[in-house]
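# Chain and residue survey
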Amino acid sequence: MGTSDYALEAKGLCREFGGFFAVRNVDFQLMRGSIHAVIGPNGAGKTTLFNLLTKYLAPTAGAIFHDGEDVTRLGMAAMAQRGVVRSFQISAVFSGLSVRQNLELALLRDAGIAWSFLGRVSNHPEVGARADALLRQFGMTEDADSLAGNLSYGRKRVLELATTLALDPKVLLLDEPMAGLGREDIGRITTLIREAGKGRTVLLVEHNMKVVAELAARITVMMRGEILAEGSYEEVSTRPDVMAAYTGQAHG
Ligand SMILES: Nc1ncnc2c1ncn2[C@@H]1O[C@H](COP(=O)(O)OP(=O)(O)OP(=O)(O)O)[C@@H](O)[C@H]1O
């Protein structure tokens, strides 16, 4: 399998905090076009690995490749330009704007058009049409004119995902997309991520095993900063060492 089969690849990745290795010597491959989950008990190093791959943190050793090119030294903005987009941090929802305005803002930003006031949208009819399509796709047509700040927590997370997808990322990186959501919103966001995964590469860090089992074709299990196991849900969930890693840990 060639390097270019991977949307993202890490080689010998390390992140040390004052002598403590949160991530130690990790070799990781994110296959292009796949939905891949990183799981593991609390403190395993999932968030640190995610922050390294999304360029939020710099590694203390090792290298990161995107489409086979060394991107170790690039920052988040340069990665976003390459179509590698992290959700739920980058795509802030503006609570003083309506749902539609939030989507229009994201679409204008993606098109590289400066956005200062909404009158500008009328100059770009394609933006209005794409906002309508996103509203329909995300089941938010009825909320279009509601202020984002007045949405429930779950609907806000749906809007965040919609604004991220407005950027049409090639690689979508999601940090605990289900955190704090009720069952209904989990079902909706699971469906939306599955749809978003068509023609894209998706990496998610997620504690909810039902969601991981439903979405991820490949799963990486981390433990004490290292990769403990990799494979399908069936493969990793039946391994005694993976079960032992979770013993005594409460996970949703
Ligand atoms: N900025 C930091 N400074 C010092 N130690 C850190 C820092 N960030 C993370 N760590 C440590 O690195 C280890 C891995 O943390 P990390 O947040 O990556 O784990 P995690 O698997 O995401 O855990 P959780 O599931 O609880 O979010 C933990 O022991 C944590 O205390």
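Refer to the structure printed above.
Residues numbered from 1 in each chain as written. Predicted model: local features only at pLDDT ≥ 70, side-chain atom pairs only at ≥ 80, totals over all residues.

Turning to the sheet that holds strand β5 (residues 69-70), a few remarks are in order. Across a sheet, strands are paired by hydrogen bonds formed along the backbone, either parallel or antiparallel in direction. Spatially, the four strands line up as an open sheet ordered β2-β1-β4-β5, and their pairing is antiparallel. The two strands at the open ends of the sheet, each matched to only one other strand, are β2 (20-31) and β5. The sheet contact formed by strand β1 (residues 6-17) and strand β4 (residues 61-66) spans five bridges and is antiparallel. In the strand pairing of β4, leucine 8 is matched with histidine 66. (Pairing = 2+ DSSP bridges. Helix = DSSP H or I, 4+ residues; strand = E, 2+ residues; numbered from the N terminus.)

This brings us to the sheet that holds strand β3 (residues 35-39). Pairing in this open sheet of six strands is mixed, and the strands run β6-β7-β8-β3-β9-β10 from one edge to the other. On the outer flanks of this sheet lie β6 (84-86) and β10 (226-231), each paired with one strand and no other. Adjacent strand axes in the sheet meet at a mean angle of 20 degrees when their direction is disregarded. Bridge count for strand β7 (residues 171-175) against strand β8 (residues 201-205) is five bridges, and the pairing is parallel. Bridge pairing in β8 places aspartate 175 opposite valine 205. (Axes fitted to C-alpha atoms, helices over the stretch in contact; angles between N-to-C directions.)

In this section: the nonpolar core. Within the largest apolar cluster, 66 residues are counted, with the highest numbers of intra-cluster contacts made by Ala37, Leu49, Leu53, Leu103, Ala162, Leu173 and Val202. Discounting chain neighbours no more than four positions away, the residues touching leucine 173 are Phe50, Leu53, Thr54, Val84, Val85, Arg86, Ser87 and Leu203. (Core = buried A, V, L, I, M, F, W, Y, C linked by C-beta atoms within 7 Å. Buried ≥ 20, exposed ≤ 12 C-beta atoms within 10 Å, placed from the backbone. Contact = placed C-beta atoms within 7 Å.)

For the rest of this paragraph, the subject is the site of the ligand. What surrounds the ligand is the set Phe17, Phe20, Ala22, Gly40, Asn42, Gly43, Ala44, Gly45, Lys46, Thr47 and Thr48. Looking at the shell around the ligand, the elements with two or more residues in it are β2 and α1 (46-53). In the shell around the ligand, the residues fall into four nonpolar, six polar and one charged. (Near = placed C-beta within 6 Å. Nonpolar A, V, L, I, M, F, W, Y, C, P; charged D, E, K, R; others polar.)

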